[in-house]
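Letter by letter, the chains look like this.
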Amino acid sequence: MPERTIAVVGTDRRQAAAARALAAAGCRVGGPEAVPASDYILLPVPLRMDQALAALLQTAKPGAVLLGGRAPAETFGRAWVDCFAREELAVRNAVPTAEGCIALLLTRRTRTLWGAPVLVTGYGRVGQAAALRLTALGARVTVAARSGAQRALAASQGAEAVPLAGLAGAAAGVDAVVNTIPAPVLTRPVLEALRPRSLIVDLASAPGGTDFAAAAALGHTAVLASGLPARCAPDSAGEYLAGTVLEIIEEREAVA
């Protein structure tokens, strides 16, 4: 792969780690000052498109590729690639998400996870990563999932599995819930079935899948914990992001 110039915009620790990993892989890496000469521009997630950033991106040369999360309304005529829609990055990021979730459960609870009944809603990449690790720690995990295939997989990996329609019944007797579904699934009837003063860790994208007002009114603690990889393991998250950027570049160069 020919050497390419990459401008990394943003100063959070994930972006800094991504810049180091890209430089270690042989790319020419600069900051915002390198945007006009760069072939690829890696933008922060979440992206806050203000006037200064808009003006900066308009200086990008024709043919430059913008890399980030979901594309904003205006990409200034440049190609945009959503790195976070890539399956390989989603799978990698599920690991620090699960670890960060467990850290929240351990620090916010007064009991061990060993022997604790934990309800996990959804069994996609993040649900699987969380449930497997919770099971390994000795938690009694119940997975609520709409897909029969996902329920079968959960059962094969040591968890109890119930249809999503049976969520309220599965919540009875549980005081810890991990939600991964970006839809309103933890409704008031489900929350009413939980033990008093339960802890809900909602890993779904904002606004999450929890009725936070109902949770507070019922005396539960509900935490919206989206974006955990950059917060809990920024060095790893940055390296995962850099790896995905390199794969994107290689794919684009192969068909150029």
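Residues numbered from 1 in each chain as written. Predicted model: local features only at pLDDT ≥ 70, side-chain atom pairs only at ≥ 80, totals over all residues. Heavy atoms only, no water.

We now examine the sheet that holds strand E11 (residues 221-224). Reading across the sheet, the six strands line up as E8-E7-E6-E9-E10-E11 and stay open at both edges, with parallel pairing between neighbours. At either end of the open sheet lies a strand with only one pairing partner, and these are strand E8 (160-163) and E11. Looking at each pair of strands side by side, their axes are set apart by 20° on average, direction ignored. Of the pairings in the sheet, the one linking strand E9 (residues 176-179) to strand E10 (residues 199-202) comprises four bridges and is parallel in character. Following the sheet pairing, Asn179 is matched in E10 by Asp202. Each of strand E7 (140-145) and E8 is contacted by helix H5 (residues 148-156), which is oriented at about 165° to E8, the strand it contacts most. (Pairing = 2+ DSSP bridges. Helix = DSSP H or I, 4+ residues; strand = E, 2+ residues; numbered from the N terminus. Axes fitted to C-alpha atoms, helices over the stretch in contact; angles between N-to-C directions. Contact = heavy atoms within 4.5 Å.)

Counting residues in each nonpolar core, the largest one holds 25 residues, and the members touching the most others are Leu105, Val118, Leu134 and Val143. At four residues, helix H3 (residues 87-108) tops the list of elements feeding residues into this core. Among residues more than four places away in sequence, those in contact with Leu105 are Leu113, Leu134, Ala176, Val178, Leu199 and Val201. (Core = buried A, V, L, I, M, F, W, Y, C linked by side-chain atoms within 4.5 Å. Buried < 20%, exposed > 50% of the residue type's maximum accessible area, 1.4 Å probe, protein only.)

Mapped onto this numbering, the UniProt entry gives "domain: D-isomer specific 2-hydroxyacid dehydrogenase NAD-binding" (unreviewed entry) at residues 109-192. Its end C-alpha atoms 19 Å apart, residues 109-192 is made of 37% helix and 23% strand. (UniProt positions renumbered as here; feature names shortened; annotations may be inferred.)

Side chains that differ in charge, positive against negative, can pair when their charged atoms come close. Following the criterion strictly, the structure yields ten salt bridges and no others. Its salt-bridge partner being Asp175, residue Arg109 comes within 3.0 Å of it at the nearest N-O pair. Of this pair, Arg109 sits in the loop between H3 and strand E6 (117-121) while Asp175 sits in the loop between helix H6 (167-171) and E9, and the two are 66 residues apart along the sequence. The exposure class assigned to Asp175 is buried, which follows from its relative accessible area of 15%. The partner of Arg188 in a salt bridge is Glu192, and the shortest N-O contact between them spans 3.1 Å. Remark: Glu192 and Arg188 occur in helix H7 (residues 188-193); sequence separation between them is four residues, near one turn of the helix. The class of Glu192 is partly exposed, set by a relative accessible area of 48%. When salt bridges that share partners are traced, they join Arg86, Glu88 and Glu251 into one network. (Salt bridge = Lys/Arg side-chain N within 4 Å of Asp/Glu carboxyl O.)

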